[in-house]
Amino acid sequence: MRFEMETPTSSVVTMDVATSEDSVAIFAEQVLAGTGWQLDHVRRRSTRLEPPHWYWSTFAVEIYKDEEERSLRLAAKGALNPAAWEKLSDRLLRHGASKRCDPIDGIGYPCLFPETQHAYWFYPYDPNMPNLPLAADPIRMAGVLLGLEDNPSKMLAASRNIDIERVRYTPEVGAILRYSFDQTSVPTKIYGKVQPGNRGLRTYQIVQGLWRAAAHYPGYLNLPRPLGYIDHMGLLIEEGVRGRPVGSNRTSTEFRLMPAAAAEALAVIHESGVDADERIHIEDELARLDRVVEQFAYVLPNGHFLLKDLVAHMRDRVRKTNEEDWLPTHGDLKYDQFIIHNDQFTLLDFDYFAFAETSYDLGKFCAYLVPSTPRDWKESAAAEEARQLFIRRYRELRPHATLNRFALYESLQLALRAMAFMWAQTHGWQRIAETFLVLAYERLKSRLPE
């Protein structure tokens, strides 16, 4: 489906206008016309900029009909140059853009806007996850989860007792869904994760191995129990975890308790012996930063020079230090990956599990302890205290760990946080990005905390 708009270029400014809340509202009203549903309001949820090629935004589209209300999720993707648009439009045309966009009774297939070089689509459609609509369909999921695929009438009846809630959707990356049941023969709540390709199967096999390793260290590594993998949906099923995510308040009791639990969990992972088919090389991470240097040149010249100088010093550090031990690692260890319940912490999200040098996840965890917008000095002080506690506890558990590249990996992750704020384009991102780049340089030159 194609729509014509008058804007003749596809700069970031153009994309901001073409995918503004007002523009999305106009589009949503066109899609809803004749359905009986009315638009209540549109709210932008996130933005991601990846110059010189891509721009993403997601929106909550709230609608109502009589006494019923629904919240739709709309994704916008824009191309910032003609070559990128040709690639995007050709791909979407092969994956449903010629079909009717119907997020109410069907599938919200993509709609293309050639003049502004952007496209809209509604969850659960996704060009990278073609089977996501199946995982979000109560009837299909009743058949899969309750073993009723051979009995259509029972499958239809059972679907009325299944509630499917969208927990998180990141366009082209992944979606997390919560399945709630009325039946007592299955867990009250279970979670499903859909990812492109065979990522879900990979995660399922990894978590199974970690469950076996965790049994040797009771209380140190708690993680969701894997329940199965639905191959034709690319859907990983996990048991629900009680509790709430650890919040960002660095001065809270849960945040102060979390670093020791994180160190214990990581120590078990490092000792687990679980195999991984991917490796995280420092050279690849620095090459990634090389590309980010050029991206900063488009939007933040001062950040461009800061990062370019930082990468040069990081490469010098690589040459001057010996390679650390290579170990299985979580790959995305951060405070917000932990759920707390009755003072017990559960670690989530093993999608980025890989082999890496010992300090990779230690540096990442510490880099994300730093608040991006601290409310006062107490938050910054609490973050530093958490950093020291985490490292101290890890070294108690693994006193012979090779950590001679810790400063390098912490600096790397602070630079990547600067990149993330550049991509997200949130208010004040320029100041935050520059602050992280300056701190990254300081961390690179500092010693490992005692």
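## Some words on the side chain of Glu 238
Part 1 of the reasoning: Note on placement: Glu 238 falls in strand 10 (residues 235-239).
Part 2 of the reasoning: Salt bridges are absent for the buried Glu 238, whose nearest opposite-charge side chain, Lys 193, sits at 5.5 Å.
Part 3 of the reasoning: Apart from residues no more than four positions distant in its own chain, Glu 238 is found in contact with Ile 190, Tyr 191, Val 207, Pro 224, Arg 225, Pro 226 and Leu 227.

## Some words on the confidence of the model for the protein chain
Part 1 of the reasoning: Scored by pLDDT, the protein chain has a mean of 92; 96% of the residues are at 70 or more.
Part 2 of the reasoning: Scored below 50 in pLDDT, residues 1-10 makes 36 contacts in the model with residues more than four places away or belonging to other chains.

## Quick word on the side chain of Asp 332
Part 1 of the reasoning: Turning to its location among the elements, Asp 332 is positioned in the loop between strand 12 (326-329) and strand 13 (338-341).
Part 2 of the reasoning: Within the local environment of Asp 332, its side chain forms a polar contact with the side chain of Lys 364, the two groups lying 2.9 Å apart.
Part 3 of the reasoning: Among residues more than four places away in sequence, those in contact with Asp 332 are Gln 337, Asp 349, Tyr 352, Asp 361 and Lys 364.

## Some points on the pairing of strand 9 (residues 226-230)
Part 1 of the reasoning: Taking burial as the measure, the five residues of strand 9 include four buried ones, the bulk of the element.
Part 2 of the reasoning: Where strand 9 and strand 10 come together, four bridges link them in antiparallel fashion. Paired with Tyr 229 across the bridge in strand 10 is Leu 236.

## Quick word on the sheet that holds strand 3 (residues 68-79)
Part 1 of the reasoning: Here we have five strands laid out as an open sheet, ordered 1-2-3-5-4, and antiparallel in their pairing. Edge positions in the sheet fall to strand 1 (38-50) and strand 4 (111-113), since each of these pairs with one other strand and no more. Each adjacent strand pair in this sheet contributes to an overall mean axis angle of 20 degrees, direction not counted.
Part 2 of the reasoning: Of the strand pairs in this sheet, strand 2 (residues 54-65) and strand 3 are connected by twelve bridges, and their pairing is antiparallel. Bridging across to strand 3, Phe 59 finds its partner in Leu 74.
Part 3 of the reasoning: On the sheet, helix 3 (residues 82-94) packs against strand 2, strand 3, strand 4 and strand 5 (118-122) and is oriented at approximately 155 degrees with respect to strand 4.

## A few points about the layout of surface pockets
Part 1 of the reasoning: Put simply, the second largest pocket is a space of about 710 Å³.
Part 2 of the reasoning: As for the second largest pocket, its lining consists of 23 residues, and the residues nearest its centre are Arg 70, Pro 103, Tyr 123, Pro 124 and Ala 136.
Part 3 of the reasoning: By residue number, the principal contributor to the lining of the second largest pocket is strand 6 (residues 162-170), which donates five residues.

## Let's talk about the pattern of salt bridges
Part 1 of the reasoning: Taken as a whole and assessed by the stated rule, the structure comprises 28 salt bridges.
Part 2 of the reasoning: We note a salt bridge from Glu 172 to Arg 91, for which the minimum N-O separation is 2.9 Å. With a gap of 81 residues between them, Glu 172 in the loop between strand 6 and strand 7 (174-181) and Arg 91 in helix 3 connect regions that are remote in the sequence.
Part 3 of the reasoning: You can call Glu 172 buried: its relative accessible area is 11%.
Part 4 of the reasoning: The partner of Asp 349 in a salt bridge is Lys 193, and the shortest N-O contact between them spans 3.5 Å. Residue Asp 349 is located in the loop between strand 14 (344-347) and strand 15 (354-357), and its partner Lys 193 is located in strand 8 (residues 189-194); the two are separated by 156 residues in the primary sequence. Note on accessibility: Asp 349 and Lys 193 belong to one class, buried.

## Brief notes about the packing of helix 11 (residues 359-369) against helix 12 (residues 377-397)
Part 1 of the reasoning: Helix 12 packs onto helix 11 with a crossing angle of 160 degrees between their chain directions and a minimal axis gap of 9 Å. Put simply, helix 11 runs roughly antiparallel to helix 12. Here helix 11 and helix 12 pass one another in a crossing that is right-handed. Counted together, Leu 362, Phe 365, Cys 366 and Leu 369 of helix 11 and Ala 383, Ala 386, Arg 387, Phe 390, Ile 391 and Tyr 394 of helix 12 form the full contact between these two elements.
Part 2 of the reasoning: Residue composition of the contact of helix 11 with helix 12, grouped by class: nine nonpolar, no polar and one charged.

Conventions adopted
- Residues numbered from 1 in each chain as written.
- Predicted model: local features only at pLDDT ≥ 70, side-chain atom pairs only at ≥ 80, totals over all residues.
- Heavy atoms only, no water.
- Helix = DSSP H or I, 4+ residues; strand = E, 2+ residues; numbered from the N terminus.
- Buried < 20%, exposed > 50% of the residue type's maximum accessible area, 1.4 Å probe, protein only.
- Lys, Arg positive; Asp, Glu negative; His and termini not counted.
- Salt bridge = Lys/Arg side-chain N within 4 Å of Asp/Glu carboxyl O.
- Contact = heavy atoms within 4.5 Å.
- pLDDT = per-residue confidence, 0-100.
- Polar contact = N/O pair within 3.5 Å; in protein donor to acceptor, adjacent residues only side chain to side chain.
- Pairing = 2+ DSSP bridges.
- Axes fitted to C-alpha atoms, helices over the stretch in contact; angles between N-to-C directions.
- 1 Å grid on protein atoms, 1.4 Å probe; cavity = no way out; pocket = protein on both sides within 12 Å on 5 of 7 lines; lining within 4 Å.
- Points joined across faces, edges and corners; volume = space filled by probe spheres on them.
- Parallel < 35°, antiparallel > 145°, perpendicular 65-115°, else oblique.
- Left-handed = near helix turned anticlockwise from the far one by under 90°.
- Nonpolar A, V, L, I, M, F, W, Y, C, P; charged D, E, K, R; others polar.

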